[in-house]
Amino acid sequence: QVQLVESGGGLVQAGGSLRLSCAASGIIFRIKPMDWYRQAPGKQRELVAGITSGGRINYSDSVKGRFTISRDNAKNTVYLQMNSLKPEDTAVYYCNTRPVNGAYWGQGTQVTVSS
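Below you will find a few notes about this structure. (Residues numbered from 1 in each chain as written. Predicted model: local features only at pLDDT ≥ 70, side-chain atom pairs only at ≥ 80, totals over all residues. Heavy atoms only, no water.)

## Overview of the nonpolar core
Generally speaking, nonpolar side chains in soluble globular proteins are found buried as a group.
Stage number 1. Counting residues in each nonpolar core, the largest one holds 27 residues, and the members touching the most others are Trp-36, Val-48, Phe-67, Val-78, Leu-80, Met-82 and Tyr-93.
Stage number 2. At the level of secondary structure, the elements contributing two or more residues to this core comprise strand S3 (18-25), strand S4 (34-39), strand S5 (46-51), strand S7 (67-72), strand S8 (77-82), strand S9 (91-97) and strand S10 (109-114).
Stage number 3. Counting residues per element, this core draws most heavily on S3, which supplies four residues. (Core = buried A, V, L, I, M, F, W, Y, C linked by side-chain atoms within 4.5 Å. Buried < 20%, exposed > 50% of the residue type's maximum accessible area, 1.4 Å probe, protein only. Helix = DSSP H or I, 4+ residues; strand = E, 2+ residues; numbered from the N terminus.)

Below you can see the structure in the form of structure tokens.
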């Protein structure tokens, strides 16, 4: 059974930093591209960042230069380092494989950025 468990969210002031983690089980993690998504209240879920098994990385324009995605295959974990946070980054953050599998969505982790 596949489980993706996100953690590391919290309340932070604008300009602050957080590091999110997504621990995976039930998949051959090292061969899977992994993506981070977020969903703000009243908005659709959006892709934030992704990393392939070979380390190729992509970011949405809204987070480029502020967020850094990385992975540790030994720990079956993908990370999202978020710096220079803005109130508009407030959302629930999720991870998933690529292509996305609807059955893999976890609870997510709430990130709240105060102004």
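There is more to say, and it comes next.
## What to know about the sheet that holds strand S6 (residues 57-59)
Stage number 1. Strand order across the open sheet formed by six strands is S2-S10-S9-S4-S5-S6, with mixed pairing between neighbours. Across the chains shown, the open sheet's two edge strands, defined by having one partner strand only, are strand S2 (10-13) and S6. Between one strand axis and the next, the sheet turns by 25 degrees as a mean value, whatever way the strands run.
Stage number 2. Pairing geometry for S4 and S9, over six bridges, is antiparallel. By the bridge assignment, Trp-36 is partnered in S9 with Cys-95. (Pairing = 2+ DSSP bridges. Axes fitted to C-alpha atoms, helices over the stretch in contact; angles between N-to-C directions.)

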